[in-house]
Structures are given as structure tokens and as C-alpha cells.
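# Breakdown of the fold
So you can see what is in the structure, the chains are spelled out below.
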2 protein chains.
Amino acid sequence: MKLKEFAKQLGLSPTTVSRALSGYPEVSEKTRKRVAEEAVRLGYRPNVNAVRLVTGRAGAIGVVMGRNGEFQFSEYMSGMAERLDSQDIDILVSPIAEQGGKDESQLYSRLATSGRVDAVIIHSPMPNDERIALLHRLGMPFLVHGRSETEVPHAWLDIDNEGAIRRATSHLIDLGHRRIAMINGRAGLTFSLHRDQGYRKALEQRGIPFDPRLIAHGHFTDELGFRFARSFLEQSPQPTAFVAGSMMTVLGVYRAVRSFGLVVGRDVSVIAHDDVFPYLTADNMVPSLSTTRSSLRAAGARSADLVLQLLSGKPATEIHELWSVELILRESTGPVPHSDAIPDKTG
Amino acid sequence: MKLKEFAKQLGLSPTTVSRALSGYPEVSEKTRKRVAEEAVRLGYRPNVNAVRLVTGRAGAIGVVMGRNGEFQFSEYMSGMAERLDSQDIDILVSPIAEQGGKDESQLYSRLATSGRVDAVIIHSPMPNDERIALLHRLGMPFLVHGRSETEVPHAWLDIDNEGAIRRATSHLIDLGHRRIAMINGRAGLTFSLHRDQGYRKALEQRGIPFDPRLIAHGHFTDELGFRFARSFLEQSPQPTAFVAGSMMTVLGVYRAVRSFGLVVGRDVSVIAHDDVFPYLTADNMVPSLSTTRSSLRAAGARSADLVLQLLSGKPATEIHELWSVELILRESTGPVPHSDAIPDKTG
DNA sequence: TTGAAAGCGGTACCAT
DNA sequence: ATGGTACCGCTTTCAA
């Protein structure tokens with residue numbers, strides 16, 4: 001059913017019908033109501049492609065997905081979807097090309113110039129991210145999930161990674177830990193850097209020297225969690241605590257600790273960042289896991305909001321949101337067990 | 001840059017340029033090459049919305065995401081994205097409405113009648129799935145990831161869930177297990193039913209009575225894996241083996257087994273279905289986990305292929321693909337330990 | 001308050 | 001092999 005046909009059935013002009021459906025004020029209330037009812041009854045829906053062509057709006061937000069299907073992705077997307085449910089806006093997931101390569105910028109150029117999206121959301125930015133410069137140059141509105149340090153103005157939503165890890169590390173220090181190992185995300189990404197900084201600042205505050213042998217970077221996988229944790233535990237002296245980047249990482253860390261005949265929460269403390277997944281929860285781990293927590297789903301929902309604001313004209317420079325992170329202590333963190341623990345006297 | 005303007009710069013008509021870019025045969029090779037080069041140089045890209053309007057094709061495939069961000073989602077999407085990378089086809093993730101409610105059918109109607117997608121992919125179908133009837137009625141091409149038992153003709157790609165679980169269960173029986181617990185997916189979904197059938201057939205073949213107290217259904221979460229496994233282990237006699245529906249489930253199962261002071265692979269055997277995730281692997285579990293394995297990423301890629309075939313005119317009734325599943329034995333499965341094991345003499 | 005008509009940016013039929 | 005032009009289905013001036 002097309003507009004013209006639908007209008008004819010109502011005995012109105014396409015113009016009036018279009019206006020009625022779009023909520024223009026000059027249509028009489030009576031007419032508007034009748035049109036709305038009949039549209040439902042007869043199943044009339046505007047052809048989105050015609051609307052998009054004539055209005056110049058795509059009615060879609062682009063999300064570029066990393067190559068290796070990250071487990072965090074669906075949680076974030078669910079949040080976005082939830083928020084956009086009421087709006088008539090689509091989410092476009094882009095077949096992504098190689099990491100940071102030429103292909104990737106081509107992808108963004110294509111997205112921008114072909115008019116299939118009104119805005120783009122970028123994930124896992126780097127401090128000096130090319131994509132940000134590129135999208136800015138192309139004039140495509142975008143939101144950064146995470147942050148960058150580039151001069152280029154950009155809207156962003158991020159969690160306080162530095163603060164979260166600083167508090168987590170400080171807490172471990174308070175418990176008497178001195179050799180604290182850190183299993184962080186991929187090197188070079190802003191959030192990994194922020195977490196590194198949080199870790200180092202906490203040590204610094206207490207005058208504990210930073211030991212590069214106690215820090216590792218890589219994807220958030222069970223396997224890397226295990227391998228890194230094992231290699232740390234092979235050191236002498238052993239670390240007595242771990243700060244892990246994700247729930248998946250922690251699975252590997254727990255296994256590694258057990259494989260050394262040690263007990264998490266007694267011999268070794270573990271704390272990790274939790275993005276809150278319905279299928280894997282910190283409370284249910286044994287022992288239950290102390291975490292820095294921030295809902296990724298909520299971030300997705302809020303991201304959708306912010307993009308909408310961006311599209312309705314709010315300047316990118318005014319869209320900066322930093323979320324604080326909860327620190328939730330459970331059973332996986334405890335005092336240093338051995339007599340060689342040096343109680344802290346400075347704080 | 002618009003077609004008209006671009007054509008003028010080349011000293012050609014819009015018609016010729018359009019044809020050259022779309023690879024029509026009647027354009028001279030020389031012209032085609034020049035047009036292609038200049039398009040890159042001047043950055044000309046057809047406005048997709050204009051193209052969509054005039055051709056009637058949306059250039060997008062719709063995927064409806066479940067409400068609760070399932071962890072499998074990103075893996076499947078990655079596969080699709082990988083496959084569609086070369087094509088100029090978008091993936092539209094729909095803000096999903098309630099499970100099977102009116103909202104959901106409205107969502108599909110909207111997708112179908114508004115022309116934003118050329119085809120839709122349906123997940124987690126039920127034996128008599130309303131969505132299938134609906135999409136068929138609406139004339140929207142669709143692929144079912146999984147299967148249904150409806151009369152309505154539909155294209156589908158599925159893995160052999162029944163065969164996989166039958167083999168897994170048979171293997172456990174071969175090892176001497178008689179009380180085998182099954183933690184399956186959500187009740188009512190086709191794949192859960194198929195797995196139930198595989199489980200029951202394996203028992204039947206060996207004359208082992210089916211005990212409804214040994215089967216449970218629910219979401220694939222760590223927590224449910226734990227709770228179900230514990231409640232099974234509280235029974236007397238205890239089950240000596242578990243068939244689990246997913247990698248997340250198995251995390252809970254392992255924990256539950258340990259909480260009873262039992263050892264997986266010695267006191268209790270465990271086997272699970274593995275969709276193959278980069279972040280959580282069967283090989284790395286302790287003990288390593290025996291699995292029925294099938295790549296969800298590959299399924300995503302193949303799904304994209306099949307949808308493309310569907311769109312190029314292949315009848316839905318000719319698109320039926322059933323993938324067999326690998327059975328991979330690792331350390332989590334072993335013979336029944338106790339003397340009360342009754343060796344099987346029938347097979 | 002309503003309607004007529006001019007596009008939005010392409011594609012593809014019909015000529016040449 | 002190339003060009004002129006009538007659409008695709010809708011929004012939005014402009015006029016009534």
C-alpha cells in the first residue's frame with residue numbers, strides 16, 4: 001500500500017495524510033485521528049527508503065563490530081536496542097575489515113558517504129585514534145564508547161577505568177599485598193592505558209615500586225588469563241594478588257591459582273572488572289569474586305540516548321559522560337596470608 | 001557529490017556512468033575503467049537510499065536479537081559479517097520486542113512492510129513458530145537458523161542436535177554410566193526438543209529407563225548450570241554423568257561437582273555442546289571438556305550465503321542444510337568409577 | 001486546514 | 001556504446 005493509494009481511500013490528498021502521520025500541527029485533530037486509525041487498519045506504512053531519500057536522514061546508527069566476536073558485544077547491543085525500541089531507528093552492524101588498516105578507514109568512508117547511517121559508534125578507541133579524525137573530517141556525527149586523547153572534538157561515554165583500578169589496587173594494598181599482578185586488556189587501547197595508570201598510581205601512592213614483570217596485556221580470554229596468571233605464579237617471589245581485566249580472564253586466573261595448589265581468597269587475592277553479564281556472574285564464582293562493576297547494557301542504552309542528542313543538534317563537545325565504577329568486595333580478596341606480609345603503616 | 005555532477009565532470013551522461021559503475025555489459029571497457037578510477041579519485045558514491053528506492057531492494061538483512069543479550073550472538077554475527085564484507089549488504093539488528101508476544105509480530109510486520117530489509121533471519125525457533133507463518137504470509141524472504149516443524153515452507157540451516165546428543169549420551173552409556181543427567185536449553189525451543197530426543201533415544205537403545213527427574217531446561221547460564229547440577233547431585237542415587245547444553249552451563253556444573261567433593265572425569269563425567277568461542281575453550285578447562293562441537297561463526301557465515309541465494313531466487317524449499325556435529329572426547333568423560341557400575345553387555 | 005507539484009538521487013526503458 | 005527521461009514513494013514548499 002502506497003501513500004497515494006491510501007490517501008485516495010481516505011478521500012484526502014497525499015499531502016494531508018503525510019502531515020497527519022508526521023504529526024504536523026496544521027492538520028485538524030479529527031483528520032489526524034482518522035488517518036492514524038485507518039493506517040493501522042489498512043496496514044499502511046511509509047516506505048522507509050523513500051522517506052530517507054527525501055529527508056536525507058538514514059534512520060540508522062552504525063556500529064562497527066570488532067573482527068573477533070567479543071563477548072561484550074551482545075550486552076552492549078542489547079542495551080542500545082532496548083533504548084531504540086520506541087524510536088524508529090535501526091542499528092546497522094558493519095561487516096568490519098581489518099584492525100586499523102586501510103580497510104577500516106574505507107569502511108568508515110563508505111558508511112559516511114553512502115548515507116546509510118546518520119551516526120556511528122566507535123568502540124575500543126586508542127589515545128590517538130585515526131577513526132576519530134577520519135569521521136570528523138567526513139562530517140559524520142559519532143560517539144566514542146571509551147575515550148581518546150586526540151585534539152579532535154568528539155562526543156564520548158566512558159567509565160572511569162583509572163579510578164576503578166586504582167581503588168581496586170589500593171584495596172589490595174590495604175590488605176597488605178605488595179606483589180600485585182595485573183592482567184590488562186590489549187596494549188595500546190585507551191582503556192588499557194587508563195587501567196595501567198590506575199594500577200601504577202595506587203602503587204605510587206604507597207611507595208611500592210612498579211615492576212614491569214607483573215603486568216600483561218592481551219585479549220580478554222580464559223586462555224590468556226590462565227597463561228598470564230601461571231607465568232606470574234612461576235615468578236619468585238610469587239604475587240599474592242591479581243587484578244584481572246574481565247570475567248573471562250578471571251576464569252583462567254582461578255584455574256591457574258588452583259593449579260598451583262593455592263586457594264583464591266586465602267593464598268591469593270583476585271579482583272576483576274565485571275561488565276555484568278546475565279550468563280556469568282561474580283556472585284556465583286567460588287569463591288565469589290570481588291569486582292569493579294559497571295553495566296555494559298546500561299552503557300549501550302545510554303549511548304543510544306547520546307547519539308540521539310547528537311543528531312538533534314547538541315554539540316559533540318557537550319557530550320562527555322564519565323561513569324564511576326562500583327567496587328564490590330566479595331570473598332576473592334583477603335589479607336596477605338603469610339608471615340612475610342608487611343602490614344602497611346603509612347595510610 | 002551527486003551522480004549528475006559527477007557525470008558532468010566526466011563529460012558523460014548520468015546513464016552511462018550509472019551503467020559503468022553497476023557493471024553493465026554495454027559500456028565500453030575504456031569508459032568503464034575511466035569512470036571507476038574517477039569515482040575513487042573524486043570520492044563519488046551512489047546514495048544508497050536513492051538506489052534502494054528505485055530498485056526496491058533494501059540492501060540489508062535483518063537479524064532479530066533476543067531480549068537477553070545471549071553470548072552466542074556476537075559469534076554468529078561475526079560469521080555473517082565476515083561473509084558479507086565483500087558484498088554491499090548491511091546487517092540490521094532489530095530492537096527486539098517481547099518474546100513471542102504481539103510486539104514481536106508487530107516488529108516483523110514493520111520490518112517486512114517498511115522495506116528496510118530484503119530478508120530476515122530467525123533464531124531459536126519453536127516447532128510451530130508463529131514468526132515463520134507470519135513472514136511467509138507477509139511474503140518476506142527469511143532463513144531459519146534452527147528448524148521448525150511447521151507445514152509452512154521455509155529455508156533453514158541447522159545442526160544435528162539430536163544426533164549430537166544421542167552420540168554424546170551413547171558414549172557415556174558405553175562408559176558404563178546409567179544415571180545420566182541432562183541440562184538442556186529453554187523448554188519449547190526446537191533445538192531443546194531435538195536434544196531431548198537424542199538423549200532419550202540413546203537411553204532407549206540400551207534399555208535404560210528415562211527418568212524425568214534427571215532432565216532440566218533453562219537459559220544457558222553459569223548459574224543455572226550450577227543450580228541444576230547441584231539439585232541432581234542431591235538425588236540418591238547420584239547421577240554419574242552430565243550432558244550440558246553450553247559452555248557457560250558447564251562452568252556451573254564443574255563448580256557444583258567440586259562443591260560435592262567430587263572430581264570431574266573421575267567421579268563424574270561431563271560432556272557439553274560447544275559453539276566454539278575464542279574466549280572460552282573446552283581444551284583449557286580443567287579437566288579438559290569433552291564436547292559436541294559445531295562452529296557458530298561458520299553457521300553465521302553460511303547463513304549469510306544462504307540468504308544471498310534466497311534473494312537471488314533460489315526457492316526456500318531447496319535451502320535446507322543440516323550440519324553434523326563433531327564429538328570430541330577429552331578428559332571430562334571416563335568410565336563409571338564405582339563397583340556398582342554395570343558393564344553393558346547388549347551392544 | 002487542505003491540495004498541487006517540485007524535487008530527493010538514482011535506475012532502466014526507449015531511442016539514437 | 002551512449003543519452004534523454006519517466007519514474008521509485010515520499011516530504012515540503014507554495015498557493016488556495
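Residues numbered from 1 in each chain as written. Chains lettered and ligands numbered in written order. Predicted model: local features only at pLDDT ≥ 70, side-chain atom pairs only at ≥ 80, totals over all residues. Heavy atoms only, no water.

When two helices pack together, their arrangement is given by the angle between the helix axes and the distance between those axes. Residue and element names in this part refer to chain B. Helix 3 (residues 29-42) packs onto helix 2 (residues 14-21) with a crossing angle of 85 degrees between their chain directions and a minimal axis gap of 9 Å. Here helix 2 lies roughly perpendicular to helix 3, going by the angle between them. Of the residues in helix 3, those in contact with Thr16, Val17, Arg19, Ala20 and Leu21 of helix 2 are Thr31, Arg32, Val35, Ala36 and Ala39. For the contact of helix 2 with helix 3, the per-class residue count stands at six nonpolar, two polar and two charged. (Axes fitted to C-alpha atoms, helices over the stretch in contact; angles between N-to-C directions. Helix = DSSP H or I, 4+ residues; strand = E, 2+ residues; numbered from the N terminus. Parallel < 35°, antiparallel > 145°, perpendicular 65-115°, else oblique. Contact = heavy atoms within 4.5 Å. Nonpolar A, V, L, I, M, F, W, Y, C, P; charged D, E, K, R; others polar.)

Moving on, we come to the nonpolar core. With 94 residues, the main nonpolar core has A:Phe242, A:Val270, A:Leu289, B:Phe242, B:Val270 and B:Leu289 as its most contacted residues. Residue contacts for A:Val270: discarding those within four places in its chain leaves A:Phe242, A:Val250, A:Val253, A:Tyr254, A:Val264, A:Leu289, A:Ser290, A:Ser332 and A:Thr333. One finds A:Tyr76, B:Met77, B:Leu84 and B:Ala119 within the second-largest nonpolar core, a separate group that totals 50 residues. (Core = buried A, V, L, I, M, F, W, Y, C linked by side-chain atoms within 4.5 Å. Buried < 20%, exposed > 50% of the residue type's maximum accessible area, 1.4 Å probe, protein only.)

With that out of the way, let us pick up the environment of A:Leu3. All names here are of chain A. Checked against the element boundaries, Leu3 lands in helix 1 (residues 3-10). Relative accessible area serves as the criterion here: at 25%, Leu3 is assigned to the partly exposed category. Distance from Leu3 to Pro14, taken between C-alpha atoms, is 6.1 Å for residues eleven residues apart in sequence. Excluding anything up to four places from it in sequence, Leu3 contacts Pro14, Val17, Ser18 and Tyr44.

Taken together, the contact pairs 54 residues of chain A with 55 residues of chain B. A buried area of about 4,700 Å², summed over both sides, lies between chain A and chain B, and 54% of it is on carbon and sulfur atoms. If you look at where chain A meets chain B, you find two salt bridges. With its nearest N and O atoms 3.1 Å apart, the salt bridge here joins B:Asp90 to A:Arg116. Inspection of the chain A/chain B interface yields 16 residue pairs in polar contact (both at pLDDT 80 or more). Of all elements in the fold, only helix 4 (48-55), helix 5 (72-84), strand 2 (90-94), helix 6 (102-113), helix 10 (222-233) and helix 11 (247-259) of chain A reach the threshold of two or more residues within the side of chain A that touches chain B. By residue number, the principal contributor to the side of chain A that touches chain B is helix 5 of chain A, which donates eight residues. Classifying every residue of the side of chain A that touches chain B gives 26 nonpolar, twelve polar and 16 charged. As judged from the three bridges shared by strand 2 of chain A and strand 2 (residues 90-94) of chain B, these two strands associate in the antiparallel manner. (Buried area = accessible area lost by both parts, 1.4 Å probe. Salt bridge = Lys/Arg side-chain N within 4 Å of Asp/Glu carboxyl O. Polar contact = N/O pair within 3.5 Å; in protein donor to acceptor, adjacent residues only side chain to side chain. Pairing = 2+ DSSP bridges.)

So, about the packing of aromatic side chains. Applying the stated criterion across every chain yields a total of 14 aromatic pairs over all chains. Taken together, a centroid distance of 6.3 Å and an interplanar angle of 45 degrees make the contact between B:Phe232 and B:Phe242 tilted. Of this pair, B:Phe232 sits in helix 10 (residues 222-233) while B:Phe242 sits in strand 8 (residues 241-244), placing them ten residues apart in sequence. The structure contains a cluster of three or more aromatic residues connected by ring pairs, namely A:Phe71, A:Phe277, A:Tyr279, B:Phe71, B:Phe277 and B:Tyr279. The aromatic ring of A:Trp156 is capped on one face by A:Arg147, whose charged end is 5.0 Å from the ring centroid. For the cation-ring pair, A:Arg200 lies above A:Phe210, with the distance from its terminal atom to the ring centre recorded as 3.8 Å. (Phe/Tyr/Trp six-rings, centres within 6.5 Å; stacked < 30°, edge-to-face > 60°. Lys NZ or Arg CZ within 6 Å of the ring centre and 35° of its normal.)

Mapping chain A onto chain B calls for a rotation angle of 180 degrees and an axial translation of 0.0 Å; the resulting RMSD is 0.1 Å. Viewed as a symmetry operation, the transformation between the two copies matches a two-fold axis. Across chain A, the smallest distance between a C-alpha and the rotation axis is recorded for A:Leu92, namely 2.4 Å. Both copies share a contact surface, since 100% of the interface residues of chain A are interface residues in chain B too. (Least-squares fit on C-alpha atoms with pLDDT ≥ 70 in both.)

Let us now look at the protein's contact with DNA strand D. Near DNA strand D you find 25 residues, and of these A:Lys2, A:Leu3, A:Ser18, A:Tyr24 and B:Arg19 are the closest. Sugar plus phosphate, as a fraction of atoms of DNA strand D within 4 Å of the protein: 59%. Contact between DNA strand D and B:Ser13: a phosphate oxygen at 2.9 Å from a main-chain N or O atom of the residue. Within the side chain of B:Thr15, one N or O atom sits 2.9 Å away from a base oxygen of DNA strand D. (Near = heavy atom within 4 Å.)

Here we take up the protein's contact with DNA strand C. DNA strand C sits among 25 residues. The nearest are A:Thr16, B:Lys2, B:Leu3, B:Ser18 and B:Tyr24. Within 4 Å of the protein, the atoms of DNA strand C are drawn from sugar and phosphate moieties in a proportion of 59%. Residue A:Thr31 places a side-chain N or O atom 3.2 Å away from a phosphate oxygen belonging to DNA strand C. When residues of the surface near DNA strand C are traced back to their parent elements, those giving at least two are helix 2 (14-21) and helix 4 of chain A together with helix 2 and helix 4 (48-55) of chain B. The biggest single contributor to the surface near DNA strand C is helix 4 of chain B, with four residues.

On to the UniProt feature "domain: HTH lacI-type" (unreviewed entry) in chain A, then. Listed under "domain: HTH lacI-type" (unreviewed entry) in the UniProt record, and renumbered for this structure, are residues 1-55 of chain A. Its end C-alpha atoms 20 Å apart, residues 1-55 of chain A is made of 69% helix and 0% strand. (UniProt positions renumbered as here; feature names shortened; annotations may be inferred.)

It is worth spelling out helix 9 (residues 190-205) of chain A at this point. Residue and element names in this part refer to chain A. Its 16 residues give helix 9 an end-to-end C-alpha distance of 22 Å, which sits within 8% of 22 Å, the value for a rise of 1.5 Å per residue. Inspection of helix 9 places Thr190, Phe191, Ser192, His194, Arg195, Asp196, Gly198, Tyr199, Ala202 and Leu203 among the buried residues, and these make up the whole buried set. On its buried face, helix 9 is in contact with strand 5 (155-159), helix 8 (161-174), strand 6 (180-184), strand 7 (215-217) and strand 9 (269-274). Positive backbone phi, at 70 degrees, marks Gly207, one or two positions downstream of helix 9. (Expected span 1.5 Å × (residues − 1).)

The subject of this paragraph is the confidence of the model for chain A. Looking at chain A, the pLDDT average stands at 91 and 94% of residues meet or exceed 70. The low-confidence segment residues 341-347 of chain A, where pLDDT is below 50, has eight contacts with residues more than four positions distant or belonging to other chains. (pLDDT = per-residue confidence, 0-100.)

Let us now look at the sheet that holds strand 12 (residues 326-328) of chain A. Residues and elements named next belong to chain A. Strand order in this open sheet of six strands is 7-6-8-9-10-12, and the pairing throughout is mixed. Strands with a single pairing partner mark the edges of an open sheet, and in this sheet they are strand 7 and strand 12. Averaged over all adjacent pairs, the angle separating strand axes in this sheet is 15 degrees, with direction ignored. Summarising the sheet, strand 8 (residues 241-244) and strand 9 pair through four bridges and their orientation is parallel. From the neighbouring strand, Val243 faces strand 9, where its bridge partner is Ile271.

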